[in-house]
Structure formats: structure tokens, C-alpha cells
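Below, each chain spelled out in residue letters.
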Amino acid sequence: MNNPVHRVTLIPGDGIGPEVTAAARAVVEASRADVEFEPVLSGQEAERQTGTPVPAAVFESIERNKLVMKGPTYTPFGGNYRVAVERPGPDGKVTRRDYPSLAITLRKELGLYVNLRPIKNYPNIPSRYENVDLVIFRENSEDLYVGNERMVDENTAEAIKLITRGASERVARFAFDYMRRAGRGKITIGHKANVLKLTDGLFLRSAQDVAKEYADIAVDQRVVDALCMELVVKPESFDGLLLTNLYGDIVSDLAAGLVGGLGVAPGANIGPDCAMFEAVHGTAPDIAGKDIANPTAMILSAVLMLRYIDQGAAADRIDAALTAVLAQKKAITRDLGGTAGTRAFTNAIVEMLKI
Ligand code: NAD
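The structure displayed is predicted, hence computed values, not measured ones.

Draft legend 1. View of the overall build of the chain. Scanning the chain from terminus to terminus reveals 11 helices and 14 strands. Computed over C-alpha atoms, the radius of gyration of the chain comes to 20 Å, within 12% of the 20 Å expected from 2.2 N^0.38 for 355 residues, which places it in the range of a compact globule. When the 355 residues of the chain are sorted by exposure, 52% land in the buried category. Taking the intrachain contacts of the chain between residues at least 6 apart in sequence as the baseline, contacts between residues at least 24 apart amount to 70%. Surface exposure of the chain reaches about 16100 Å², of which carbon and sulfur atoms provide 53%. Counting 41 positive and 45 negative side-chain charges, the chain places the centres of these two groups 2 Å from one another.

Draft legend 2. Seen up close, the pairing of strand S3 (residues 67-70). Of the two faces of S3, the one carrying Leu 67 and Met 69 and the one carrying Val 68 and Lys 70 are both buried. Relative to strand S14 (residues 275-277), S3 runs parallel, the two being bridged by 3 bridges. By the bridge assignment, Met 69 is partnered in S14 with Phe 277.

Draft legend 3. A look at the site of the ligand. In the neighbourhood of the ligand, 21 residues make up the surrounding shell, with Thr 73, Thr 75, Gly 282, Ala 284 and Asp 286 lying closest. A distance of 2.7 Å separates an oxygen atom of the ligand from a polar backbone atom of Gly 282. The side chain of Asp 286 places a nitrogen or oxygen atom 2.9 Å from an oxygen atom of the ligand. When isolated, the ligand has an accessible area of 820 Å², and the protein chains bury 73% of it. Across the shell around the ligand, the residue classes tally to 10 nonpolar, 7 polar and 4 charged.

Draft legend 4. Here's a closer look at the side chain of Glu 278. Structurally, the position occupied by Glu 278 is in the loop between S14 and helix H9 (296-308). Engagement of the side chain of Glu 278 in a polar contact is seen with the side chain of Arg 107, the distance being 2.8 Å. With sequence-adjacent residues up to four places away left out, Glu 278 is seen in contact with Lys 70, Arg 107, Pro 266, Gly 267, Ala 268, Asn 269, Met 298 and Ser 301.

Draft legend 5. Focus on unusual backbone geometry. One non-glycine residue, Arg 32, lies in positive phi territory at about 65°. With respect to the helices, strands and loops of the structure, Arg 32 is situated in the loop between helix H1 (17-30) and strand S2 (35-39). You can call Arg 32 exposed: its relative accessible area is 53%. Here the phi dihedral of Lys 66 falls at roughly 65°; this positive angle occurs in a residue that is not glycine. Position of Lys 66 relative to the elements: it lies in the loop between helix H3 (56-65) and S3.

Conventions we followed
- Residues numbered from 1 in each chain as written.
- Predicted model: local features only at pLDDT ≥ 70, side-chain atom pairs only at ≥ 80, totals over all residues.
- Heavy atoms only, no water.
- Helix = DSSP H or I, 4+ residues; strand = E, 2+ residues; numbered from the N terminus.
- Rg over C-alpha atoms; globule rule 2.2 N^0.38 Å.
- Buried < 20%, exposed > 50% of the residue type's maximum accessible area, 1.4 Å probe, protein only.
- Contact = heavy atoms within 4.5 Å.
- Areas by Shrake-Rupley, 256 points an atom, 1.4 Å probe, with all protein chains shown as cover.
- Lys, Arg positive; Asp, Glu negative; His and termini not counted.
- Charge placed at Lys NZ, Arg CZ, Asp CG, Glu CD.
- Pairing = 2+ DSSP bridges.
- Near = heavy atom within 4 Å.
- Polar contact = N/O pair within 3.5 Å; in protein donor to acceptor, adjacent residues only side chain to side chain.
- Nonpolar A, V, L, I, M, F, W, Y, C, P; charged D, E, K, R; others polar.

As C-alpha cells, then:
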């Protein structure tokens, strides 16, 4: 009997999104994974056509499939841009909510409470460091990052930093469970509890309380600024990093730089019954539509997805093909020191998967 096919809602995204998601889709299809993609109209193109970047059909598709592969989506800097959604709650009553970006809309509406970002040296990707192998667990549902801001007066703006014990314990428990399953040894909690004694203090205490249930995983903590300095000096000394939403966002980009840049850093957003896989990078408007973008981060996000749905054999095939193409150095993108375009790099991986 054939394996059941996993249907995946595909959000191509904006900027380089359509290029890198097309690459990841081609590679997954060539890997013979039991996966089918269901593209949905979303992002800037949907906003132009329908007035919203996330039409109801996007949620309908995700509710059916419970799996999403998402390209980066555009958010204007500054101004008062919000993404509004109207969806029925469990009681059937339709309520209207709004969020500062499409990515945050999906993370919040789908209950994707952890953002998982593995950062490690990949064979044949040039980087300043060796032996980096980190997993970043970023709380994904609260903190300053939800964009709860207001103008107090014309010259004064404020943002609310909301931290709860429930959300902090939930992400901590995910992190400790993940580390245990992966046979890994230590979690470092990043915070600024010396200044933000109440909010970051609560996150730190909640995580430390959860840590008591996991005697097999060591736990320590760092003030986030000192953590950044140590990550740059000796990244190989860290294992798991547990961070609030905003620090997690910033530290992930820093950590991506340790292993070859944003072009190679994958990510997953995971909730109780749904998961969304997207690279750490954004829409890269400076290189969009030029066949320059490195699709590795999106391809590695798809590999995370395949492992999540127990398609480990296909994930291993992609890993091996990517490693081989990188080793040959003939068809790699500019950010990795090559001259190939997105499509040529992707085709080289697809050809390697046929061998
Ligand atoms: P960015 O990540 O798009 O780009 C930063 C730099 O990295 C640019 O120089 C870019 O060319 C380079 N880069 C990024 N991805 C690359 C790749 N795959 N290959 C080669 N080079 C790559 O960050 P930004 O410029 O701050 O943001 C642009 C837009 O993306 C904004 O609208 C932002 O809101 C959005 N964004 C979306 C997400 C998401 O959807 N999850 C995440 C981050 C940023």
C-alpha cells in the first residue's frame, strides 16, 4: 500500500519568496517524499487582488492540511500597517483581530507558540567558525514582538511587553523535551532580568522552574547582551538557547551569520496541531527577481518539515544532494562565493537527487 500523501499549504511569499519556495518545492518533489503542495494566493499579490494579504482561503487550506511551507512576506517599516483577520472562534462567533505583519498573523492565529531555528555548520558552506551546532527556541506568541504599541502624544510612543508564565513554561517545556529527544545536553536561557526584573524575570523563573523537571539537561542563563558577545567569541560552547520573542529574533540573525549568513538558516514554527516552515531571512528586496537568492535556507526548512512528518529518508536524500552540490562548488550562489543563479543551484540539486 502507498504511504498517505501529506498535503502542504504553500505560501510563496514576496520578494525572493517565490524564487526560493519554487526551489524548495522542486527539490522536495525530486526527493520522492510523499508530499503534495497546495499553493495559495497570499501576501502582496493577494493584497492587490483582494484587499488583504491573507484571504479566508489561506486559513481554509491550512485548517485542512495542518502543514505550511512559507516564503518570507513583506512588511513595511514604520507607519501604521496592520493585517486584519476575521475568523470564527470555537463558539462560532466571528471576531476581528489585527497584527503588525503577515508572519505574526499566521503564528498567532495558528497557535504556533515556538519558533525553532537550528544553526549549524553545514558541510562545504564557508563560514568564520567551525563546530557550531546550536538550536534556538524562540517564544513566538508574546513579548514586545506582537507590536502592541501606541502614540501617547505626537512625540511619544510606547510598546507593551507582555510576558506570561503560561507561554514561558510552554516554550521551555518544548525546548527541554526537544533537547532530551535529540540527545543534547544543555539549555542557556537568554534574558535581561537585571533591568526588566518583572517581565524577563518572570520568563527566567518560569524556564528555571520547568528545568527542574529535566535533571538530564543542564541549564544556565546569560544576560542577552553578554550572550551575544559570547556567541561571537565561542559559539561552539553553546547547545540550546531559550529566548523571548524579540531577543530570539535578533539572536537568530546573529547566529545565522556565524555559519554562513541568512541564505543558509532554516526555521520552523510549531504549535499543538499545526506547523509552518520558513527560513529566517526576509524578502530581500535588494536581490528579488534577479535569480541571485540562495535557496538553501528554504530548502533546509523543507528538510525540517520532512523530518517533522516522518519523511526522514527523503530528508536524508536532500541533505546528501545539497552537500554534494556544495562540495562540487560549480553551481553555488554568490553569497557562498559562487556565480550560479537560484535556478542553476536548484537544478544541480534536483539532478543530484536523480542519481
Ligand atoms: P532580509 O532578510 O530580507 O535581508 C537582509 C540581507 O540579507 C539583504 O542584504 C538580503 O539581500 C540578504 N539575504 C536575505 N536572504 C537571502 C538569501 N536567501 N540569499 C542571499 N541573500 C539573502 O531582511 P530585511 O531587508 O530587513 O527585510 C526585508 C523584508 O522582509 C521586510 O519587509 C521584513 O519585514 C520582511 N521579513 C519577513 C520575514 C518573514 O516573513 N518571516 C522575516 C524577516 C523579514
